Amino acid sequence: MTWAGKIFAYCERGTNAAFWAEPWNAISNLAFLVAAASALLLWLKSPRESRGVVELILIAIVGLIGIGSFMFHTFATKWAAIADTAPIGIFMLAYAGYALRRYLLLDWWKVAASLLGFVLLLAAAPAAPCPPPLRQLVQGGACLNGSLGYVPALAMLAGVSAAAYAKGHPAAPYLLAAAIIFSASLTARTLDQQLCGNLSLFGRPRGTHALWHVLNASLLWILLVSAIRHGSPTQVQAVPEAKATA
């Protein structure tokens, strides 16, 4: 496929190559911009000494996720797909490292080793054999409609949440809520093509991919709020179990 070749991956687009063939998928990306703007306001209202640069960078990445996804669901080309997935991958790695260091207080070498394993799992997941029950659940196309590639991220989020609860860290409820929402958003992404013929609006199939955007924006907002409230060095020092600062 050339860089400008069209990608027909979602219910709403079908085989339509037009710029606005996915209006709901495209417009729903405003949710990411709202999440980033809301988190930025919260960051600005925080005490000056607790405003970390890392948290600001995470907020900016969420904004880029919305822009990149909008580009993909309008241009629908290979280069736009990279603009879509690159910020998502960067955020997953950045927040995983952030959570391991700031919430779980792991040493840097443990954080690096964990991230390496996480990267290897992310790389291997899309090509992993699809178990027969999953293959029967969603007919045709990639396993779980390509959502299998996000399962390591869900596992990482759930694992860090459990570890944070074990430590009594105040970020734990935020991480758990994000993991639950992530499970719901992955379900919406997975069923987009499966339910394509059953969901229509204004006479056209719409699918469930726009719901994936809205739910993901919600979970990213929760993760940002958690970082702003409980992840900066001043908050980390305030946690009773903390033995070191990030």
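Attention in this report is confined to the structure presented alongside it. Keep in mind it's a predicted model, so treat the numbers as computed, not measured.

The residue aspartate 84 is located in helix H4 (residues 78–103) in this model. For the buried aspartate 84, no salt bridge exists, and the shortest N-O distance to an oppositely charged side chain is 7.0 Å, to arginine 189. For aspartate 84, the contacting residues outside a window of four places in its chain are Gly68, Ser69 and Phe72.

Further remarks concern helix H2 (residues 30–45). The terminal C-alpha atoms of H2 lie 23 Å apart, and with 16 residues this matches the ideal 22 Å at 1.5 Å per residue to within 8%. Along H2, the residues that are buried comprise Ala31, Phe32, Ala35, Ala36, Ala39 and Trp43. Projected onto a plane normal to the axis of H2, the buried residues spread over an arc of 135° and lie on a single side. Turned more than 90 degrees off the buried face of H2, the exposed positions are Val34, Leu41 and Lys45. Buried residues belonging to H2 abut helix H3 (53–75) and helix H9 (209–230).

What follows covers the environment of tryptophan 24. Examined against the element boundaries, tryptophan 24 turns out to sit in helix H1 (residues 23–27). Considered as a pair, tryptophan 24 and histidine 209 are 185 residues apart in the sequence and their alpha carbons are 8.6 Å apart. Those residues in contact with tryptophan 24 that sit more than four places away from it in its chain are Glu12, Leu201, Phe202, Arg206 and Ala210.

Here we come to the state of the cysteines. The full count for this structure, using the stated rule, is 2 disulfides. Disulfide pairing places cysteine 130 opposite cysteine 143 at an S-S distance of 2.1 Å. Looking along the S-S bond of the cysteine 130-cysteine 143 disulfide, the torsion reads about 65°, which is the right-handed sense. In this pair, cysteine 130 sits in the loop between helix H5 (108–124) and helix H6 (132–137) while cysteine 143 sits in the loop between H6 and helix H7 (151–167), placing the two residues 13 residues apart along the sequence. When the bonded cysteines of the chain are numbered from the N-terminus onward, they pair as 1-4, 2-3.

Before going further, it helps to spend a moment on the nonpolar core. Counting 52 residues, the largest nonpolar core has Phe91, Tyr95, Tyr103, Leu175, Phe182, Leu220 and Leu223 as the members making the most contacts within it. Ranked by the residues each element gives to this core, the list is headed by H9, at 11 residues. With residues near it in sequence (within four places) discarded, leucine 220 still touches Phe32, Val62, Ile65 and Phe91. Counting 5 residues, the second-largest nonpolar core is a separate cluster that includes Ile7, Phe72, Ala80 and Ala81.

With that out of the way, let us pick up a nonpolar patch on the surface. Residues Trp3, Phe19, Trp20, Ile27, Leu30, Leu33, Leu64, Ile67, Phe70, Phe75, Trp79 and Ile82 make up a contiguous nonpolar surface patch of roughly 1,100 Å² in combined accessible area. Counting only elements with at least two residues in the nonpolar patch, the list comes to H2, H3 and H4. For the nonpolar patch, the element with the highest residue contribution is H3, accounting for 4 residues. Topologically, leucine 30 is positioned in helix H2.

What follows covers unusual backbone geometry. Positive phi outside glycine occurs at leucine 144, with the angle close to 55°. Residue leucine 144 is classed as buried on the basis of its relative accessible area of 12%. Here the phi dihedral of asparagine 145 falls at roughly 60°; this positive angle occurs in a residue that is not glycine. With respect to the secondary-structure elements, asparagine 145 resides in the loop between H6 and H7. Exposure remark for asparagine 145: the relative accessible area of 16% places this residue in the buried category.

In this model H9 runs 31 Å from its N-terminal to its C-terminal C-alpha over 22 residues, within 8% of the 32 Å that 1.5 Å per residue would give. Burial analysis of H9 places 17 of its 22 residues in the buried class, the great majority of the element.

Parameters at a glance
- Residues numbered from 1 in each chain as written.
- Predicted model: local features only at pLDDT ≥ 70, side-chain atom pairs only at ≥ 80, totals over all residues.
- Heavy atoms only, no water.
- Helix = DSSP H or I, 4+ residues; strand = E, 2+ residues; numbered from the N terminus.
- Buried < 20%, exposed > 50% of the residue type's maximum accessible area, 1.4 Å probe, protein only.
- Lys, Arg positive; Asp, Glu negative; His and termini not counted.
- Salt bridge = Lys/Arg side-chain N within 4 Å of Asp/Glu carboxyl O.
- Contact = heavy atoms within 4.5 Å.
- Expected span 1.5 Å × (residues − 1).
- Arc of directions from axis to C-beta.
- Disulfide = S-S within 2.5 Å.
- Core = buried A, V, L, I, M, F, W, Y, C linked by side-chain atoms within 4.5 Å.
- Patch = residues over 30% accessible without salt bridge, like charges linked within 9 Å, V, L, I, M, F, W, Y side chains within 5 Å.
- Areas by Shrake-Rupley, 256 points an atom, 1.4 Å probe, with all protein chains shown as cover.

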